[in-house]
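Inside the fold
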Amino acid sequence: MVGDGFSAGEGSTQYWIPLLDGTERLGVLGLTLHKEPDEEAVQAMDELASVVGLMLVSQRPHSDSYARLTRLEPTSVSAEMQWTLMPPRTYTGPKVTIAAAMEPAHATAGDAFDYAMPGHVARLAIFDAMGHDTAVGLTATSRWPPAATSAVRARASTGRGTASRAC
């Protein structure tokens, strides 16, 4: 994924390499080199970006540093809980790409999305539990036992589908 370099002055070249988690864009890694990279150096730069991306993703649930860098506004308790329990915002498989967003991200609660790939079918679900407090957030999130998402997942896993009432 290493692209063209940009002059950084005094014979240096700046490279910007995307940091990815699958297809989710986490940020970019900036590297300054004092000579033109060969194939081995380009491979090493890509591998370094992959390792840094993995480090970010693996530490995201245990650290507030990434959240502080990416958030523009304080997040409500219910939105924090909601984002922690939902699936990743981006998924790419052999024949499908799924992306989701919820706005405003800092105040989301009661709204949720879910997806699954059982075999060759993409199952998508969107929830609106009406309201924006913590109790409503618990209704929609996927890992609280009586939650709407869990009910839909349970029904789908038995092969009964989700077109009819799940709860």
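Residues numbered from 1 in each chain as written. Predicted model: local features only at pLDDT ≥ 70, side-chain atom pairs only at ≥ 80, totals over all residues. Heavy atoms only, no water.

Helices and strands together make up the secondary structure of the protein, namely five helices and seven strands. From first element to last, N terminus to C terminus, the protein shows the α and β order β-β-β-α-α-α-β-β-β-β-α-α. Pairs at least 24 residues apart make up 41% of the contacts formed inside the protein by residues separated by at least 6 positions. Carbon and sulfur atoms provide 58% of the accessible area of the protein, an area that totals close to 11,100 Å². (Helix = DSSP H or I, 4+ residues; strand = E, 2+ residues; numbered from the N terminus. Contact = heavy atoms within 4.5 Å. Areas by Shrake-Rupley, 256 points an atom, 1.4 Å probe, with all protein chains shown as cover.)

It is worth spelling out the pairing of strand β2 (residues 12-21) at this point. Side-chain positions along a regular strand alternate between the two faces of the sheet. In this sheet, strand β3 (residues 24-33) lies alongside β2 in antiparallel orientation, the contact comprising nine bridges. Residue W16 lies in a different strand from β3, and its bridge partner there is G30. Connecting β2 to the antiparallel partner β3 that follows it, the hairpin turn spans two residues, and G22 within it adopts a positive phi of roughly 70 degrees. (Pairing = 2+ DSSP bridges.)

Quick look at helix α3 (residues 77-85) now. Every α-helical turn comprises 3.6 residues, leaving residues that sit three or four positions apart pointing alike. All buried positions along α3 are accounted for by S78, A79, Q82 and L85. The buried residues of α3 all sit within an arc of 135 degrees when viewed along its axis, so they share a single face. Of the exposed residues in α3, the ones pointing more than 90 degrees away from its buried face are V77 and T84. (Buried < 20%, exposed > 50% of the residue type's maximum accessible area, 1.4 Å probe, protein only. Arc of directions from axis to C-beta.)

Moving on, we come to a nonpolar patch on the surface. Taken together, the side chains of F6, W16 and V28 present a nonpolar region at the surface, about 340 Å² in accessible area. Here F6 is to be found in strand β1 (residues 6-9). (Patch = residues over 30% accessible without salt bridge, like charges linked within 9 Å, V, L, I, M, F, W, Y side chains within 5 Å. Salt bridge = Lys/Arg side-chain N within 4 Å of Asp/Glu carboxyl O.)

On to the packing of aromatic side chains. Taken as a whole and assessed by the stated rule, the structure comprises one aromatic pair. Taking the centre distance of 6.0 Å and the plane angle of 40 degrees together, the rings of Y91 and Y115 count as tilted. In this pair, Y91 sits in strand β4 (residues 90-92) while Y115 sits in strand β6 (residues 111-116), placing the two residues 24 residues apart along the sequence. You can call Y115 buried: its relative accessible area is 13%. (Phe/Tyr/Trp six-rings, centres within 6.5 Å; stacked < 30°, edge-to-face > 60°.)

Turning our eyes to something else, we now look at the environment of A156. With respect to the element layout, A156 can be found in helix α5 (residues 148-157). Among the residues examined, A156 registers a relative accessible area of 18% and is labelled buried. Considered as a pair, A156 and R123 are 33 residues apart in the sequence and their alpha carbons are 8.6 Å apart.

Moving on, we come to helix α1 (residues 39-59). Taking 1.5 Å per residue, 21 residues should reach 30 Å; α1 reaches 30 Å between its end C-alpha atoms and fits that length. Among the residues making up α1, those that are buried are M45, A49 and G53. Here the buried residues of α1 occupy an arc of 75 degrees about the axis, which is enough to place them on one side. Those residues of α1 that are exposed and aimed more than 90 degrees away from the buried face are E39, E40, L54 and M55. (Expected span 1.5 Å × (residues − 1).)

Moving on to the confidence of the model for the protein. The predicted model of the protein averages 77 in pLDDT, with 77% of residues at 70 or higher. No element of the protein has a lower mean pLDDT than helix α4 (residues 134-140), which averages 61, and none a higher one than α1, which averages 91. Under a pLDDT of 50 for its full length, residues 142-146 has, in the predicted model, ten contacts with residues more than four places off or in other chains. (pLDDT = per-residue confidence, 0-100.)

Locating E24 in the fold gives a position in strand β3. A relative accessible area of 8% places E24 in the buried class. Reaching out from E24, the side chain makes a polar contact with the side chain of R89 at a distance of 2.9 Å. With sequence-adjacent residues up to four places away left out, E24 is seen in contact with L19, R60, R89 and T90. (Polar contact = N/O pair within 3.5 Å; in protein donor to acceptor, adjacent residues only side chain to side chain.)

The next thing to look at is the environment of V152. Of note, V152 is situated in helix α5. Looking at V152, the relative accessible area reads 17%, which means it is buried. Sequence-wise, V152 and D114 are 38 residues apart; in three dimensions their C-alpha atoms are separated by 9.4 Å.

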